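Summary of the model geometry
Residues per chain, in single letters:
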Amino acid sequence: MVKIRNIARKFLGRDKIKSIGKEYWESAASGSVEKAMKRICDGFTREDFETKKESIVFVKEFQISSRDEVLELACGMGRTCRWVAPKVKQYTGVDFIPQMVEKAKSYNSSFLNTKFIVNDGRTLSAFQDNSFDVVYCEIAFQHMTKDVQESYAEEVYRVLKNDGFFFVQLPKIEFYKDPTFALSKEEVNDLLRKYETTYIGNSSAYHIVMAKKLNLA
Ligand SMILES: C[S@@+](CC[C@H](N)C(=O)[O-])C[C@H]1O[C@@H](n2cnc3c(N)ncnc32)[C@H](O)[C@@H]1O
């Protein structure tokens, strides 16, 4: 299955491939660090992985401070942790693949204000309500079906502090075509109905959204 997908990726390009499942990420995390980097970021070398700055954490709206508790959802190997951890009080990464979380821990072991946690693939049950100032998630929602996306939108809302921000990249239907995971703008607005949403960045493949938690109580 993984082999067929890799051949398809080679000929069609990663971005046109249907949502990738758990099996793929288990395989990606089971080999060398370099192999995992390549699979996480579609062919990236270690140097690309460590230096390329096309990331949500570099958009000007991604404002973080030394008082902030930050959660990265679907963190993979914690590629962006190195840019975030030095600027905040605490960085926490969560991913549903245990081997990925192990890699993230050793890859980021020099940052002492970090934690990496395995989750169940649809909830953030390890965390209390109102725990984080900022939650972010990049290049991951295209690998989740809509029921999982809905579950995470609710869970992120729960764990964010009032007025906290959720920064997320969501797959565009115009680009991916597959309605099992890709979203129109109306669907994004519905998914993030409990947030005040601002569209930021400029991408043909993703809606890039800064979503502020609304205090609905
Ligand atoms: C393309 S990688 C991106 C990793 C990281 N966000 C980055 O930018 O380097 C996608 C990650 O999402 C994780 N993932 C996919 N579906 C998930 C889910 N339902 N719950 C938690 N993690 C998930 C995978 O294990 C993988 O580590």
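Everything below is about the structure shown above.
Residues numbered from 1 in each chain as written. Predicted model: local features only at pLDDT ≥ 70, side-chain atom pairs only at ≥ 80, totals over all residues. Heavy atoms only, no water.

**Some details on the site of the ligand**
Stated formally: Summary of the distance rule: residues count as near a molecule or strand when at least one heavy atom falls within 4 Å of that molecule or strand. Polar contacts here mean pairs of N or O atoms no more than 3.5 Å apart (in protein, one a potential hydrogen donor and the other a potential acceptor; neighbouring residues in sequence count only if both atoms are side-chain atoms). Lys, Arg, Asp and Glu make up the charged group, whereas Ala, Val, Leu, Ile, Met, Phe, Trp, Tyr, Cys and Pro make up the nonpolar group; the residues left over, Gly among them, are polar.
With respect to spatial proximity, 20 residues lie near the ligand, and among them Ala74, Arg79, Asp95, Gly121 and Tyr152 are the closest. Between Asp95 and the ligand, the recorded distance is 2.7 Å, taken from a side-chain N or O atom to an oxygen atom. Within the backbone of Glu138, an N or O atom sits 3.0 Å from a nitrogen atom of the ligand. Each residue belonging to the shell around the ligand can be placed in one class, and the counts come to 12 nonpolar, 3 polar and 5 charged.

**Considerations on the packing of aromatic side chains**
For the record, the criterion: To pair, rings of Phe, Tyr and Trp, with the six-membered ring standing in for Trp, must have centres within 6.5 Å; the planes then decide the type, stacked if under 30 degrees apart, edge-to-face if over 60, and tilted in the middle. Only DSSP runs of H or I reaching four residues or more are called helices, and only runs of E reaching two or more are called strands; each is numbered from the N terminus. The classification of residues rests on relative accessible area computed with a 1.4 Å probe and restricted to protein chains. Under 20% of the type maximum is buried, over 50% is exposed, and intermediate values are partly exposed.
Under the definition given, this model contains 14 aromatic pairs. Aromatic side chains Tyr91 and Phe116 sit 5.5 Å apart centroid to centroid with 55° between the ring planes, which places their arrangement in the tilted category. In this pair, Tyr91 is assigned in strand β2 (residues 90-95) and Phe116 in strand β3 (residues 114-118), connecting sequence segments 25 residues apart. For the pair Phe175 and Tyr176, a centre-to-centre distance of 5.1 Å together with 75° between the ring planes defines the contact as edge-to-face. A relative accessible area of 17% places Phe175 in the buried class. Given a relative accessible area of 7%, Tyr176 falls into the buried group. Through successive ring pairs, a cluster of aromatic residues spans Phe62, Tyr136, Phe165 and Phe167.

**Some thoughts on helix α7 (residues 146-159)**
Owing to its 3.6 residues per turn, the α-helix brings residues three or four apart onto one side. For clarity, the threshold we go by: By this rule the span expected of a helix is its residue count minus one, scaled by 1.5 Å. Two residues qualify as a contact provided that any one of their heavy atoms is within 4.5 Å of a heavy atom in the partner residue.
The end-to-end C-alpha distance of α7 is 20 Å, a good match for the 20 Å that 14 residues give at a rise of 1.5 Å each. Taken together, the buried positions of α7 are occupied by Val148, Gln149, Ser151, Tyr152, Ala153, Glu155, Val156, Tyr157 and Val159. Packed against the buried residues of α7 are β1 (69-73), β4 (132-137), β5 (160-171), α9 (185-191), β6 (195-200) and β7 (206-213).

**Concerning the pattern of salt bridges**
This is how the line gets drawn: By definition, a salt bridge exists where a carboxyl oxygen of Asp or Glu is found within 4 Å of a side-chain nitrogen of Lys or Arg.
Under the defined criterion, the tally for this structure stands at 15 salt bridges. Here Glu50 and Arg46 are joined by a salt bridge, their closest N and O atoms 3.3 Å apart. Of this pair, Glu50 and Arg46 both sit in helix α4 (residues 46-51), 4 residues apart, which is roughly one turn of that helix. On the basis of relative accessible area, Arg46 is assigned to the partly exposed category, the value being 34%. Taking the shortest distance from any N to any O, the salt bridge between Glu155 and Arg158 comes out at 2.9 Å. Of this pair, Glu155 and Arg158 both sit in helix α7, 3 residues apart, roughly one helical turn. The network of salt bridges with shared partners includes Glu34, Arg46, Glu50 and Arg82.

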